[in-house]
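Spelled out from the first residue to the last, the chains are:
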Amino acid sequence: MPLTGNLLIGQRAVPGTEAPIHAIDPATDQPLEPAYPGASAEQVVQACALAWAAFDAYRDTSLEQRACFLETIAEQIEALGDELIERAVAETGLPSARILGERGRTSTQLRSFARVVRAGEWLDVRVDTALPERQPLPRPDLRQRQVAVGPVAVFGASNFPLAFSVAGGDTASALAAGCPVVVKAHSAHPGTGELVGRAVAKAAQLCGLPEGVFSLLYGAGRAVGIGLVSDPRIKAVGFTGSRSGGLALCQAAQARPEPIPVYAEMASINPVLLFDAALHNRGEALAQGFVASLTQGAGQFCTNPGLVIARQGPALQRFIETASEHLRQAQAQTMLTPGIFNAYQAGIAALAENRNAQLAARGLPAQGPNQCQAQLLLTEANAFLADPALHAEVFGAASLVVVCTSDDQMREVTEHLEGQLTATLHMDDADLDAARALLPILERKAGRILVNGWPTGVEVCDAMVHGGPFPATSNTRSTSVGSAAILRFLRPVCYQGFPDALLPSALQHANPLHLRRLLDSQREA
């Protein structure tokens, strides 16, 4: 289907009226047609008004209808076939195998949330039946369930054109919760966004849902985003991107007469701690695995291992030498956008000028535009502790090894880290005591702690946590991946003394939805 460059405001495809954006093929630095004019302030208001008008009807849909909607979105995305893959490859420079895998993950997320919706456990039904004879005061009948918070603004991510974008995890979890969604597509891949947005809109039409359940907007700069977050009908925000962008949205959300939550994933360097026995016993294999994780996708993952912490000694020296040898053979890879490439280059240049950072190795030189030449650097623990500039994320295939003199210094370095999405321990049995001493610190610092694995790769499943303390995310109590992501867009409501006929079906005495409820402090079978 030909791309139009139009916004989707509900079921209407309309041209934007503000400054246009063009996707850039990062492999050639050439612009891609069509242009995507940005939404005006009035068009942002229209999308938010439609979402608000749809809210009560959409949140009242049956569990089955909502689950079918999510499954239909997955089917419509898959029905786009090669057209979607080809456009995403052109707009990102990513290989088609990566895009195919990401399309599969996007569909999996949608179908997983359909399963979650049908199960109904997210409603968290709690019932305390009346105790009219209780002394000194009777207890009324009290029933609680979770309800959708309202329309949600979702911001597409640069590094995942499908799985964290128009129909990605934030959109899927918000729709699962019963929240209409207004998406601001990422400027790097607007054509991919249009194709997926049409698939979502078609699914809404096929399922007979209100027009405003989904809208898709474009815009250069931050005007559209700030307009969305500032609109009183938007009740929550999902964002993946830079720290500056996330903080701008947080500030706008808190400046409203009615502040709203912003679930922003922003920055993480994902420390990897290498313990002595593991380094001694399998240092070369660890070095190989580390370089593979570091350079995967040009390092453009929010869970990329950007920091290594280890104790000095021959085993660490062998790890550094082996990692350097593998890194020198790493091909330069095209980054997602010229902007991301320029930011990577600036970050590497800052490290090169920092007298506390020493270059250990770099990958093969670039052979084309916007290509990332991987970098491995070293610093001493005392320098790292004294220099906040060494803590900054460099988005791309760059990592810093912090060389410590003792276990106490490893703990001190770990204690000085900011909040992280992940922390990784590589350890053998002889390292248990040292790892145990660090675990309380890591539990305070990270949302996911791994043992003998690599942080790149986020499984879509019930137990996954993709979140963490600031600045990894703006809200440390949530996850953006996994079934628990639905909880971000829900709030509890208690119904006291209601006649059964007036209660929502989830709370009625006969339990017509067959939910597993907490009834008078006992969990029903």
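Residues numbered from 1 in each chain as written. Predicted model: local features only at pLDDT ≥ 70, side-chain atom pairs only at ≥ 80, totals over all residues. Heavy atoms only, no water.

- The name recorded for the protein in an unreviewed UniProt entry is 2,5-dioxovalerate dehydrogenase, from Pseudomonas mosselii.
- In its Sequence similarities (unreviewed entry) section, UniProt records this for the protein: "Belongs to the aldehyde dehydrogenase family." (UniProt positions renumbered as here; feature names shortened; annotations may be inferred.)

## Focus: the overall build of the protein
And step 1. A tally of helices and strands in the protein yields 14 helices and 23 strands.
And step 2. The C-alpha radius of gyration of the protein comes to 25 Å, within 12% of the 24 Å expected for a compact globule of 525 residues.
And step 3. Judged by the C-alpha coordinates and their principal axes, the protein covers about 75 × 65 × 40 Å.
And step 4. A separation of at least 24 residues holds for 76% of the contacts in the protein among residues at least 6 apart in sequence.
And step 5. Split by element, the accessible area of the protein, about 21,000 Å² in all, is 53% carbon and sulfur.
And step 6. Both charge centroids of the protein, one from 40 positive and one from 50 negative side chains, sit 5 Å from each other. (Helix = DSSP H or I, 4+ residues; strand = E, 2+ residues; numbered from the N terminus. Rg over C-alpha atoms; globule rule 2.2 N^0.38 Å. Contact = heavy atoms within 4.5 Å. Areas by Shrake-Rupley, 256 points an atom, 1.4 Å probe, with all protein chains shown as cover. Lys, Arg positive; Asp, Glu negative; His and termini not counted. Charge placed at Lys NZ, Arg CZ, Asp CG, Glu CD.)

## Some details on the pattern of salt bridges
And step 1. If you walk through the whole model with that rule in mind, you get 24 salt bridges.
And step 2. In this structure, the salt-bridge partner of glutamate 71 is arginine 118, at a minimum N-O distance of 2.8 Å. With a gap of 47 residues between them, glutamate 71 in helix 2 (residues 63-79) and arginine 118 in helix 4 (residues 96-119) connect regions that are remote in the sequence.
And step 3. A relative accessible area of 22% means that glutamate 71 is categorised as partly exposed.
And step 4. Overall, arginine 118 belongs to the partly exposed group, its relative accessible area being 32%.
And step 5. Here aspartate 428 and arginine 282 are joined by a salt bridge, their closest N and O atoms 2.9 Å apart. With aspartate 428 in the loop between strand 19 (420-426) and helix 14 (432-445) and arginine 282 in helix 9 (residues 276-295), this pair connects stretches of sequence that are 146 residues apart.
And step 6. A relative accessible area of 18% places aspartate 428 in the buried class.
And step 7. Judged by its relative accessible area of 25%, arginine 282 is partly exposed.
And step 8. Connected via shared salt-bridge partners are Glu64, Glu71 and Arg118. (Salt bridge = Lys/Arg side-chain N within 4 Å of Asp/Glu carboxyl O. Buried < 20%, exposed > 50% of the residue type's maximum accessible area, 1.4 Å probe, protein only.)

## Remarks on the sheet that holds strand 23 (residues 522-523)
And step 1. One open sheet accounts for five strands, arranged 21-6-5-22-23; its pairing is mixed. On the outer flanks of this sheet lie strand 21 (490-496) and strand 23, each paired with one strand and no other.
And step 2. Pairing analysis gives two bridges linking strand 22 (residues 518-519) to strand 23, with the strands arranged antiparallel. By the bridge assignment, leucine 518 is partnered in strand 23 with arginine 523. (Pairing = 2+ DSSP bridges.)

## Focus: the pairing of strand 19
And step 1. Counting buried positions along strand 19 gives seven out of seven residues, so the element sits mostly inside the fold.
And step 2. Relative to strand 19, strand 12 (residues 271-274) runs parallel, the two sharing three bridges. The residue bridging leucine 274 from the neighbouring strand is histidine 426, located in strand 19.
And step 3. Note: strand 19 against strand 20 (residues 446-451), five bridges, orientation parallel. By the bridge assignment, leucine 425 is partnered in strand 20 with valine 451.
And step 4. Each parallel crossover has a hand, and the one from strand 19 via helix 14 to strand 20 is right-handed. (Right-handed = clockwise from strand over helix to strand, strands pointing away.)

## What about the nonpolar core?
And step 1. Of all hydrophobic cores here, the largest spans 153 residues; its most connected members are Phe69, Ile73, Leu217 and Phe319.
And step 2. Here phenylalanine 69 is in contact with Tyr58, Leu175, Val200, Ala203, Ala204, Cys207, Leu209 and Val213, once residues within four sequence places are set aside.
And step 3. Core analysis: the second largest hydrophobic core is formed by eight residues, Phe160, Ala163, Phe164 and Val458 among them. (Core = buried A, V, L, I, M, F, W, Y, C linked by side-chain atoms within 4.5 Å.)

## Some words on the packing of aromatic side chains
Aromatic rings in a pair are described by how distant their centres are and how their planes are angled relative to each other.
And step 1. All told, the structure shown has ten aromatic pairs when counted by the stated rule.
And step 2. Consider the rings of tyrosine 36 and tyrosine 218, whose centres lie 4.7 Å apart with planes at 50 degrees: the pair is tilted. Of the two residues, tyrosine 36 sits in strand 4 (residues 30-37) while tyrosine 218 sits in the loop between strand 9 (214-217) and helix 7 (223-230), which places them 182 residues apart along the sequence.
And step 3. Measuring from ring centre to ring centre gives 5.8 Å for phenylalanine 290 and phenylalanine 319, while their planes differ by 45 degrees; the resulting arrangement is tilted. Of this pair, phenylalanine 290 sits in helix 9 while phenylalanine 319 sits in helix 10 (residues 314-328); the two residues are 29 residues apart in sequence, bridging distant segments of the chain. Neither phenylalanine 290 nor phenylalanine 319 differs from the other in exposure class; each is buried.
And step 4. Here the aromatic residues Phe160, Phe164 and Phe301 are joined through ring pairs into a cluster of three or more.
And step 5. Across the ring face of tyrosine 58, the terminal group of arginine 66 is positioned such that the distance to the ring centre comes to 5.7 Å. (Phe/Tyr/Trp six-rings, centres within 6.5 Å; stacked < 30°, edge-to-face > 60°. Lys NZ or Arg CZ within 6 Å of the ring centre and 35° of its normal.)

## Considerations on the side chain of arginine 143
And step 1. Checked against the element boundaries, arginine 143 lands in strand 6 (residues 142-148).
And step 2. Judged by relative accessible area, arginine 143 falls into the buried class, the value being 2%.
And step 3. Polar side-chain contacts of arginine 143 include one of 2.6 Å to the side chain of aspartate 141.
And step 4. At 2.8 Å, the side chain of arginine 143 and the backbone oxygen of leucine 507 are in polar contact. (Polar contact = N/O pair within 3.5 Å; in protein donor to acceptor, adjacent residues only side chain to side chain.)

## Notes on the packing of helix 2 against helix 4
And step 1. Where helix 2 meets helix 4, the closest approach of the two axes is 8 Å, and the angle between their N-to-C directions is 170 degrees. Compared by their axis directions, helix 2 and helix 4 come out roughly antiparallel. Every residue of helix 4 that contacts helix 2 at Leu63, Glu64, Arg66, Ala67, Cys68, Leu70, Glu71, Ile73, Ala74, Glu75, Ile77 and Glu78 is listed here: Arg103, Thr106, Ser107, Leu110, Arg111, Phe113, Ala114, Val117 and Arg118.
And step 2. Taken together, the residues that form the contact of helix 2 with helix 4 break down as eleven nonpolar, two polar and eight charged. (Axes fitted to C-alpha atoms, helices over the stretch in contact; angles between N-to-C directions. Parallel < 35°, antiparallel > 145°, perpendicular 65-115°, else oblique. Nonpolar A, V, L, I, M, F, W, Y, C, P; charged D, E, K, R; others polar.)

## Side note on the domain arrangement of the protein
And step 1. Assigned domains of the protein: these are domain 1 (39-122 + 146-266 + 476-488) and domain 2 (271-451).
And step 2. Averaged C-alpha coordinates put domain 1 and domain 2 at centres separated by 32 Å.
And step 3. Each partner contributes to the interface: domain 1 provides eleven residues, whereas domain 2 provides eleven residues.
And step 4. Carbon and sulfur atoms make up 57% of the area that domain 1 and domain 2 hide from each other, which totals about 850 Å². (Domains from an automatic or database assignment. Buried area = accessible area lost by both parts, 1.4 Å probe.)

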